[in-house]
Every structure is written in C-alpha cells, then in structure tokens.
Amino acid sequence: MAELTPGARPVRVVIVDDDPMVRTGLRFMLGGSADLEVVGEAADGAEAITAAEAHWPDVMLMDVRMPRMDGVEATRWIRARPRAPQVLILTTFHADEYVLEAIRNGATGFLLKDTPPEELIAAVRKVAAGQSILSPKVIGAVVSFVAASGAGSRRAQANEQLGKLTDREREVAIGLGHGWSNAEIGSALGMGVSTVKGHVSRVLGKLGMNNRSQAAVMVHDAGLV
C-alpha cells in the first residue's frame, strides 16, 4: 500500500457506474491505498456532472453505457469545464465507438473492468499525474476497431487537423499513435526526453486536445499508423 507523503493530499476520485455492486467493489479496491480517496459516486452521466461540480475530484472512473446520460456525453461536459478532472473510462469492451468517442471528448484513456486491482490503482495515480492510459495493447484494439468501423468519413478531417503540424511534430504524433512513451519517441527520433515533451505539448496545443490519448486516436483516424 502506498504511503501518503507528509503534507500531500490524497488523489480525490469519483466513481461513476450504474451498477451499485461495481461501485462498491471499486470503492473497496481504492480504499486500501492511503494516497487515494473516494469522495463521491454517481449512477449515470447526469449525476457524474453534478458530482464533479460538488466534489472537484482529480479523477473520475467513468462507465460508458449508462441510462439517462451515458459516459461519452458526461465526459464531454466534464472535460469542457474549468479545472476539469481527468476521466478514466472503465468498460467491459476492448474497444468500441463509445470508448473512442469518450477519448475524442477528452477522456485520458480506458481500462477494462476486469483489470487487476493493482493495475487499476496504478492507472488512477498515473491519470492524476497527467499521464494517458493507452497502452500498445489497447492501441492495437483501437486500430482493429477503427479499421472495421469505416473510419473513412473521419480520415480527411483528421489529416486536415494533422496538417497544422510541422514535420517533426507529425513524427512525434505518430509516436503517440503507437502508444510510445516520451523516452521511446525520443529513442526512435534521436531526441532527448525534454525535447519530446516540448513537441508533445505543441502537438496537443495545435490540435486543441487535452491529452495524448486523443492525439493517438486522431493519428489512427488519419490512417497514419
């Protein structure tokens, strides 16, 4: 169990799922870590928006398929707000249109609901620190789904957006599409990690995006990976 650094506050988490048993299980899993604190729960997207405004969490664990308002729409509303919390999608599906739209709307990544507890806890910490959760394994699932779902309608738009980038920034964006870390991108392109971080920031700024996961999905929409 991780210890809380003296003077630091725990990562504040809101759990969003329409199944009360899932919420209870997630609360139990996260409650064993001193550096994480579950500050609220919600049973659908509308309640999630209310909970985000009431508790100002750092991370929201968001189901996608819920009544009244799904997690995709809730993510769009939440990520558009000032001081928006990070959104980590929890799903039973490896990749589908709901998950992809949630990422396009600003979700930082997604995990399967059967993810082992230690991996889930580590993911919450990473997301709270601003890191995206979109591993090469997950990227593979995204690629397969995009290819099978007729992404041609989005390809021209994605390529137009990526046309705003310099050649070097485009190479970095393709690295994001592969799910590479800054160190892996730097190794492939012969750059230092700090230089890569600067390029990643410019890529996200030019594309009007919140995180690396959104850029990765756009690269796949464009057919560059």
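Conventions adopted
- Residues numbered from 1 in each chain as written.
- Predicted model: local features only at pLDDT ≥ 70, side-chain atom pairs only at ≥ 80, totals over all residues.
- Heavy atoms only, no water.
- 1 Å grid on protein atoms, 1.4 Å probe; cavity = no way out; pocket = protein on both sides within 12 Å on 5 of 7 lines; lining within 4 Å.
- Points joined across faces, edges and corners; volume = space filled by probe spheres on them.
- Helix = DSSP H or I, 4+ residues; strand = E, 2+ residues; numbered from the N terminus.
- Nonpolar A, V, L, I, M, F, W, Y, C, P; charged D, E, K, R; others polar.
- Core = buried A, V, L, I, M, F, W, Y, C linked by side-chain atoms within 4.5 Å.
- Buried < 20%, exposed > 50% of the residue type's maximum accessible area, 1.4 Å probe, protein only.
- Contact = heavy atoms within 4.5 Å.
- Pairing = 2+ DSSP bridges.
- Axes fitted to C-alpha atoms, helices over the stretch in contact; angles between N-to-C directions.
- Polar contact = N/O pair within 3.5 Å; in protein donor to acceptor, adjacent residues only side chain to side chain.
- Right-handed = clockwise from strand over helix to strand, strands pointing away.
- Parallel < 35°, antiparallel > 145°, perpendicular 65-115°, else oblique.

Student: Can you walk me through the layout of surface pockets in this structure?
Tutor: Any empty space left between atoms is shown by rolling a water-sized probe over those atoms. Considering only enclosed or pocket space, the second largest pocket measures out at about 300 Å³ in volume. Along the wall of the second largest pocket there are 16 residues; nearest its centre are Arg-104, Gln-157, Met-209, Gln-214 and Met-218. Mapped onto the lining of the second largest pocket, the elements with two or more residues apiece are helix H3 (71-79), helix H7 (152-162) and helix H11 (212-221). Residues of the lining of the second largest pocket, tallied by class, amount to 5 nonpolar, 6 polar and 5 charged.

Student: How do you make sense of the nonpolar core when you look at a structure like this?
Tutor: Most often, soluble globular proteins keep nonpolar side chains buried together rather than apart. Core analysis: the largest hydrophobic core is formed by 25 residues, its most contacted members being Val-16, Ala-48, Met-60, Met-62, Ile-78 and Ile-89. Of all the elements in the fold, those that place two or more residues in this core are strand E1 (11-16), strand E2 (36-42), helix H2 (45-55), strand E3 (59-63), H3, strand E4 (86-91) and helix H4 (97-104). Excluding anything up to four places from it in sequence, Ile-89 contacts Met-62, Val-64, Thr-75, Ala-102, Ala-107, Gly-109, Phe-110 and Leu-111.

Student: What exactly am I supposed to notice about the sheet that holds E4 here?
Tutor: Hydrogen bonds along the backbone pair up the strands of a sheet, which may run parallel or antiparallel. Pairing is parallel in the open sheet, where 5 strands are placed in the order E2-E1-E3-E4-E5. Of all the strands in the sheet, the pair left with one neighbour each is E2 and strand E5 (109-112). Sheet twist, expressed as the mean angle between neighbouring strand axes with direction ignored, is 25 degrees. Here E1 runs beside E3; their pairing, made up of 4 bridges, is parallel. If you follow Ile-15 over to E3, its bridge partner there is Leu-61.

Student: I'm lost on the pairing of E5 in this one. Help?
Tutor: On any regular strand, side chains alternate: one points to one face of the sheet, the next to the other face. Side chains of E5 alternate between two faces, with Gly-109 and Leu-111 and Phe-110 and Leu-112 buried alike. Bridge count for E4 against E5 is 4 bridges, and the pairing is parallel. Bridged to Ile-89 within E5 is Phe-110.

Student: So what exactly am I meant to see when it comes to the environment of Gly-31 here?
Tutor: Take Gly-31: it is sitting in helix H1 (residues 20-31). With relative accessibility at 57%, the residue Gly-31 sits in the exposed group. Measuring from C-alpha to C-alpha, the distance between Gly-31 and Ile-121 comes to 9.9 Å, with 90 residues separating the pair along the chain.

Student: Just to check I follow, could you spell out the side chain of Asn-211 for this structure?
Tutor: Note on placement: Asn-211 falls in the loop between helix H10 (193-207) and H11. Reaching out from Asn-211, the side chain makes a polar contact with the backbone oxygen of Gly-106 at a distance of 3.0 Å. A polar atom in the side chain of Asn-211 sits 3.2 Å from the backbone oxygen of Ala-107. If we ignore the near neighbours within four places in the chain, the residues touching Asn-211 are Gly-106, Ala-107, Thr-108, Ser-132 and Leu-204.

Student: Where do I start with the pairing of E4 in this structure?
Tutor: Counting buried positions over the 6 residues of E4 gives 6, a clear majority of the element. Examined bridge by bridge, E3 and E4 share 5 bridges and lie parallel to one another. Bridging across to E4, Leu-61 finds its partner in Leu-88. On the question of chirality, the crossover connecting E3 to the parallel E4 by way of H3 is right-handed.

Student: Looking at this structure, I do not really get the packing of helix H9 (residues 182-189) against H10. What am I missing?
Tutor: Each pair of packed helices can be summarised by the angle the axes make with each other and by the distance between the axes. Put simply, H9 and H10 touch, their axes get as near as 9 Å, and they point 105 degrees apart. The orientation of H9 with respect to H10, classified from their angle, is roughly perpendicular. Here H9 contributes Asn-182, Ala-183, Ile-185 and Gly-186 to the contact with H10, which in turn contributes Val-193, Val-196, Lys-197 and Val-200. Grouping the amino acids of the contact of H9 with H10 by side-chain chemistry returns 5 nonpolar, 2 polar and 1 charged.

Everything listed here is a matter of geometry and, on its own, says nothing about what the molecule does.
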